[in-house]
Amino acid sequence: PELPALELAGECYYNMFNGCTSLIIAPQLPAMNLTEMCYGYMFIDCTSLIKAPDLLAPKVENGSYIGIFEGCTNLKYVKAMFTKTFNGNFDLFGWLSNASSSATIVMDKNATWYANSVPSGWIIIYV
């Protein structure tokens, strides 16, 4: 489905596609101001997901991407253009846990959040 919302309530898409094993390409997420856990665990265990939606919001806070791609074992591409998080590991906690062991992530060259957040077998491209 299309998810055109530009303004989000807290936990509005939380757990939305949990276990949707037929989802291959995720819908775009155009909101730029994220709220508390708005995309939390949204695609958890979507084992056929190969392409994540582009994550274009400039900042992440209040756990907005917590567990978003956890268990997406076929994920091959993520574009994450936010430059910082405000609550450290909480904002991205488990966002790529048990995801594909090898994939590509495109990140803003000014990103300061990635230290422990990207799986070790992934290729990082800075733009």
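Not measured: the values here are computed from a predicted model.

Rules behind the numbers
Residues numbered from 1 in each chain as written. Predicted model: local features only at pLDDT ≥ 70, side-chain atom pairs only at ≥ 80, totals over all residues. Heavy atoms only, no water. Helix = DSSP H or I, 4+ residues; strand = E, 2+ residues; numbered from the N terminus. Rg over C-alpha atoms; globule rule 2.2 N^0.38 Å. Contact = heavy atoms within 4.5 Å. Areas by Shrake-Rupley, 256 points an atom, 1.4 Å probe, with all protein chains shown as cover. Lys, Arg positive; Asp, Glu negative; His and termini not counted. Charge placed at Lys NZ, Arg CZ, Asp CG, Glu CD. Pairing = 2+ DSSP bridges. Axes fitted to C-alpha atoms, helices over the stretch in contact; angles between N-to-C directions. Phe/Tyr/Trp six-rings, centres within 6.5 Å; stacked < 30°, edge-to-face > 60°. Buried < 20%, exposed > 50% of the residue type's maximum accessible area, 1.4 Å probe, protein only.

Trainee: Before we move on, can you summarise the overall build of the protein with the specific residues and values?
Mentor: What the protein contains, in helices and strands, is 1 helix and 5 strands. Taken against the 2.2 N^0.38 rule, which gives 14 Å for 127 residues, the C-alpha radius of gyration of the protein at 13 Å falls within 12% of a compact globule. Dimensions of the protein along its principal axes, counting C-alpha atoms only, are 30 × 30 × 20 Å. Contacts in the protein between residues far apart in sequence, at least 24 positions, make up 72% of those at least 6 positions apart. Split by element, the accessible area of the protein, about 6,200 Å² in all, is 52% carbon and sulfur. Between the centroid of the 6 positive side chains of the protein and the centroid of its 10 negative side chains there is a distance of 12 Å.

Trainee: Any chance you could break down the environment of tyrosine 14 for me, citing the residues and the numbers?
Mentor: Mapped onto the secondary structure, tyrosine 14 falls in the segment before strand 1 (59-60). Taking the C-alpha atoms as reference points, tyrosine 14 and aspartate 108, 94 residues apart in sequence, are found 25 Å from one another. Excluding anything up to four places from it in sequence, tyrosine 14 contacts Met37, Cys38, Gly40 and Tyr41.

Trainee: Tell me what's going on with the sheet that holds strand 4 (residues 104-107), and back it up with residues and numbers.
Mentor: Ordered by their spatial adjacency, 3 strands build an open sheet running 2-4-5, and the pairing between neighbours is parallel. With partners counted over all chains shown, the strands left at the sheet margins are strand 2 (77-80) and strand 5 (123-126), one partner each. Mean inter-strand twist for the sheet, computed between neighbouring axes without regard to direction, equals 20°.

Trainee: Explain the packing of aromatic side chains to me, using residue names and the numbers behind them.
Mentor: What describes a pair of aromatic rings is the distance from one ring centre to the other and the angle between the planes of the rings. Scanning the entire structure with this criterion turns up 8 aromatic pairs. The interplanar angle of 0° and the centroid separation of 5.4 Å between the aromatic rings of phenylalanine 17 and phenylalanine 43 together place this pair among those described as stacked. You can see phenylalanine 17 sitting in the segment before strand 1 and its partner phenylalanine 43 sitting in the segment before strand 1, a full 26 residues away along the chain. In this structure phenylalanine 17 comes out as buried when scored by relative accessible area, which is 11%. Under the relative-accessibility criterion, phenylalanine 43 is labelled buried at 0%. Between phenylalanine 82 and tryptophan 95, the ring centres sit 6.1 Å apart and the planes meet at 65°, which makes this aromatic pair edge-to-face. Taken together, the positions of phenylalanine 82 in the loop between strand 2 and strand 3 (84-85) and tryptophan 95 in the loop between helix 1 (89-92) and strand 4 put the pair 13 residues apart, joining distant regions of the chain. Since its relative accessible area comes to 0%, phenylalanine 82 is described here as buried. The class for tryptophan 95 is buried, based on a relative accessible area of 2%. One aromatic cluster in this structure is built from Tyr13, Phe17, Tyr39, Phe43, Tyr65, Phe69, Phe82 and Trp95.

Trainee: Go over the side chain of serine 64 with me, naming the residues and quoting the values.
Mentor: Considering the arrangement of structural elements, one finds serine 64 in the loop between strand 1 and strand 2. If we ignore the near neighbours within four places in the chain, the residues touching serine 64 are Leu34, Thr35, Met37, Cys38, Tyr39, Gly40 and Asp91.

Trainee: Got a sec to walk through unusual backbone geometry? Specific residues and values, please.
Mentor: The phi dihedral of methionine 37 is positive, around 50°, even though this residue is not glycine. Overall, the relative accessible area of 17% leaves methionine 37 in the buried class. With phi around 55°, tyrosine 41 is a residue other than glycine that occupies positive phi space. If you trace the backbone, tyrosine 41 turns up in the segment before strand 1. Assessed through its relative accessible area of 17%, tyrosine 41 is described here as buried.

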